[in-house]
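Chain and residue survey
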Amino acid sequence: MKELRTEREWSQAKLAELLGVSRQNIIAIEKEKYDPSLALALKIARLFETSVEAIFLE
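Residues numbered from 1 in each chain as written. Predicted model: local features only at pLDDT ≥ 70, side-chain atom pairs only at ≥ 80, totals over all residues. Heavy atoms only, no water.

What follows covers the pattern of salt bridges. Overall, the coordinates contain two salt bridges when judged by the stated rule. For arginine 5, the salt bridge identified is with glutamate 30, shortest N-O distance 2.6 Å. Of the two residues, arginine 5 sits in helix α1 (residues 2–7) while glutamate 30 sits in helix α3 (residues 23–30), which places them 25 residues apart along the sequence. The buried category is assigned to arginine 5, whose relative accessible area is 7%. Assessed through its relative accessible area of 18%, glutamate 30 is described here as buried. (Salt bridge = Lys/Arg side-chain N within 4 Å of Asp/Glu carboxyl O. Helix = DSSP H or I, 4+ residues; strand = E, 2+ residues; numbered from the N terminus. Buried < 20%, exposed > 50% of the residue type's maximum accessible area, 1.4 Å probe, protein only.)

Here the focus is the packing of helix α2 (residues 12–19) against helix α4 (residues 38–48). Contact geometry of α2 with α4 gives a least axis separation of 10 Å together with a crossing angle of 110°. Taken together, the axes of α2 and α4 lie roughly perpendicular to each other. The interaxial crossing formed by α2 with α4 has right-handed handedness. Facing Leu15, Leu18 and Leu19 of α2, the residues of α4 in contact are Leu40, Lys43, Ile44, Leu47 and Phe48. When its residues are assigned to classes, the contact of α2 with α4 shows seven nonpolar, no polar and one charged. (Axes fitted to C-alpha atoms, helices over the stretch in contact; angles between N-to-C directions. Parallel < 35°, antiparallel > 145°, perpendicular 65-115°, else oblique. Left-handed = near helix turned anticlockwise from the far one by under 90°. Contact = heavy atoms within 4.5 Å. Nonpolar A, V, L, I, M, F, W, Y, C, P; charged D, E, K, R; others polar.)

Here it is in structure tokens:
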């Protein structure tokens, strides 16, 4: 997810704002310390116009 975010030149704060979560959530997801809920994973995939699998399984 970090690569997708940086490609768009979004800060963690910007991504958090777009997703309606805290910046701490983004940090935890990027550091793989937290797995997002299915609803959040789907929202992230839609935002990046890709599949959940492409973001979280590759």
